[in-house]
Amino acid sequence: MHFEELKTNIIGLVKESQIKLGYSKTPINLYYPAEAIHTLLDSTRSIPDLEAALRDFSDYACDELGKITFSRKDDMFCITIPETGVEYVHENIENSGFLEAFIACISDGHCSVDDIIAVFHRFSDHVTVQKTTHDEFDYLIYFTDGTPDSYRYCLHNEFGHMVYHRFTPKEFEKFHF
């Protein structure tokens, strides 16, 4: 099992939430399709076996994230990060600067894709930008060398406002966006 990738992903999502909404010492629910968990754990387990893997993951991540719990409806999992895990992320995970600047830019209702690209270039000269023909997003932007982060940012102009989704490189590859 590749528990570290799932833990890193959870920590990243909690940090992203704290940047967007501010810090609150309350549990956070994260929703994952089973296929995303399979990808992060590098697993092809059945749903019951995936539930067992998540119980093992909770033990693995307990020192930092507290006792994670989960529930499932069909192929969708809700992973609950307790207050102790939320506090751990707040107290121990540094802000990179990039994600804060990116979220501030995209939160501005008048930002353009050029404004977003400029944010990426403030943090690196190694930026890949691809205009896509995908139905769900218009641009793919990422740091070519993985610094300051390795996520794939998929942007879409939705009714005049830019929206985004972040994917790990493995998720992005797997789902062939």
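Before reading further, recall that the structure is shown in the block above.
Calculation criteria
Residues numbered from 1 in each chain as written. Predicted model: local features only at pLDDT ≥ 70, side-chain atom pairs only at ≥ 80, totals over all residues. Heavy atoms only, no water. Pairing = 2+ DSSP bridges. Helix = DSSP H or I, 4+ residues; strand = E, 2+ residues; numbered from the N terminus. Axes fitted to C-alpha atoms, helices over the stretch in contact; angles between N-to-C directions. Contact = heavy atoms within 4.5 Å. Core = buried A, V, L, I, M, F, W, Y, C linked by side-chain atoms within 4.5 Å. Buried < 20%, exposed > 50% of the residue type's maximum accessible area, 1.4 Å probe, protein only.

Asks: Would you take a moment to explain the sheet that holds strand β6 (residues 152-158) for this structure?
Replies: Adjacent strands of a sheet pair through backbone hydrogen bonds, lying either parallel or antiparallel. The 4 strands are arranged β4-β5-β6-β7 in an open sheet whose pairing can be described as antiparallel. Here the strands that pair on one side only, and so sit at the sheet edges, are β4 (127-131) and β7 (161-167). When the angles between neighbouring strand axes are averaged without regard to direction, this sheet yields 20 degrees. Here β6 pairs with β7 via 7 bridges, running antiparallel. Looking across to β7, one finds that H156 is bridged to V163. The strands touched by helix α5 (residues 98-107) are β5 (139-143), β6 and β7; relative to β7, the strand with the most contacts, the crossing angle is about 150 degrees. Across the sheet, helix α6 (residues 113-123) touches β4, β5, β6 and β7, and the angle it forms with β5 is around 10 degrees.

Asks: Help me out: how do you make sense of the pairing of strand β2 (residues 69-73) in this one?
Replies: For a regular strand, side chains alternate in direction, first toward one face of the sheet and then toward the other. Of the pairings in the sheet, the one linking β2 to strand β3 (residues 76-81) comprises 5 bridges and is antiparallel in character. Each bridged residue has a counterpart across the sheet, and for K73 the counterpart in β3 is M76.

Asks: What is the right way to read the side chain of E51 from this model?
Replies: Topologically, E51 is positioned in helix α3 (residues 47-65). Sequence-distant contacts of E51, defined by excluding residues within four places in its chain, comprise F70, R72 and F77.

Asks: Which parts of the structure should I look at to understand the sheet that holds strand β1 (residues 28-33)?
Replies: Strand order in the open sheet formed by 3 strands is β1-β3-β2, with antiparallel pairing between adjacent strands. Every other strand in the sheet has two partners, leaving β1 and β2 as the edge strands with one partner each. Between one strand and the next, the sheet's axes are offset by a mean angle of 25 degrees, whatever the strand orientation. As judged from the 6 bridges shared by β1 and β3, these two strands associate in the antiparallel manner.

Asks: Can you help me understand the nonpolar core in this one?
Replies: A general trend in soluble globular proteins is that nonpolar side chains are found buried together. Membership of the largest hydrophobic core comes to 26 residues, with the highest contact counts inside it found for L6, I10, Y32, I37, I79 and I81. Residue assignment for this core shows that the elements contributing at least two residues are α1 (3-21), β1, α2 (34-41), α3, β3 and α4 (83-92). A per-element tally of this core places α3 first, with 7 residues. Filtering out sequence-adjacent residues up to four positions away, I81 remains in contact with I10, V14, P27, I28, L30, L65, I68 and V86. In terms of nonpolar packing, the next biggest core, distinct from the first, is built from 21 residues, F98, C111, V119 and F143 among them.

These results come straight from atomic positions and should not be treated as a statement about function.
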